[in-house]
Amino acid sequence: MVTYSSYLKIDELLSLQQPLSDGPEHDETLFIIVHQVYELWFKELLHEVDYLKAVPAGMRVTATARLAEVNGRHLTFDVEARSARDVIGRGRVFRAIVEKERFSSDAAARNNS
């Protein structure tokens, strides 16, 4: 049976935060989680954004997103990444608002049919 937790591999995901300090350092755990989320977003953006130019190592990059369209639960964003000199990436990103309880209920119904 597919559940929200099994589909997203929540137990495995939560096991990936392994602070190096001896104690339960809140700041270190927060640092790990925030940077893991950044890496996942970068992975997704690389999939959806057209690469236009290389950026020298160490150059600051900024990204902007503009909500272009809302169609019910579906959102469309126009995104752009810029270095200090140029536009380095551009794309259109599509997202859907998902209700966790409804997703779980629908997954359970599919497994029972």
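Our subject is the structure that appears above.
Let me begin by describing the structure that accompanies this report. Quick caveat: nothing in here was measured; it's all calculated off a predicted structure.

Focus on the pattern of salt bridges
In total, this model carries seven salt bridges according to the counting rule given. A salt bridge links Glu 48 to Arg 95, with the shortest nitrogen-to-oxygen separation between them at 3.2 Å. Of the two residues, Glu 48 is situated in helix 3 (residues 26-48) and Arg 95 in strand 4 (residues 87-96); the sequence distance between them amounts to 47 residues. Judged by its relative accessible area of 22%, Arg 95 falls in the partly exposed class. Among the salt bridges present, the one from Asp 78 reaches Arg 66, with a minimum N-O distance of 2.8 Å. Here the residue Asp 78 occupies a position in strand 3 (residues 74-82), and Arg 66 occupies one in strand 2 (residues 62-71), the gap between them amounting to 12 residues. The exposure class assigned to Asp 78 is partly exposed, which follows from its relative accessible area of 22%. By relative accessible area, which is 49% here, Arg 66 ends up partly exposed. Via salt bridges that share partners, Glu 44, Glu 48 and Arg 95 belong to a single interconnected network.

With respect to the sheet that holds strand 2
In a beta sheet, neighbouring strands pair by backbone hydrogen bonds and run either parallel or antiparallel. Read across the open sheet, the four strands follow the order 1-4-3-2; overall the sheet is antiparallel. One side of each edge strand has no neighbouring strand; the edge strands of this open sheet are strand 1 (49-51) and strand 2. Each adjacent strand pair in this sheet contributes to an overall mean axis angle of 20 degrees, direction not counted. Bridging between strand 3 and strand 4 involves nine bridges; their strand directions are antiparallel. The residue bridging Val 79 from the neighbouring strand is Gly 91, located in strand 4.

The rules behind each value
- Residues numbered from 1 in each chain as written.
- Predicted model: local features only at pLDDT ≥ 70, side-chain atom pairs only at ≥ 80, totals over all residues.
- Heavy atoms only, no water.
- Salt bridge = Lys/Arg side-chain N within 4 Å of Asp/Glu carboxyl O.
- Helix = DSSP H or I, 4+ residues; strand = E, 2+ residues; numbered from the N terminus.
- Buried < 20%, exposed > 50% of the residue type's maximum accessible area, 1.4 Å probe, protein only.
- Pairing = 2+ DSSP bridges.
- Axes fitted to C-alpha atoms, helices over the stretch in contact; angles between N-to-C directions.

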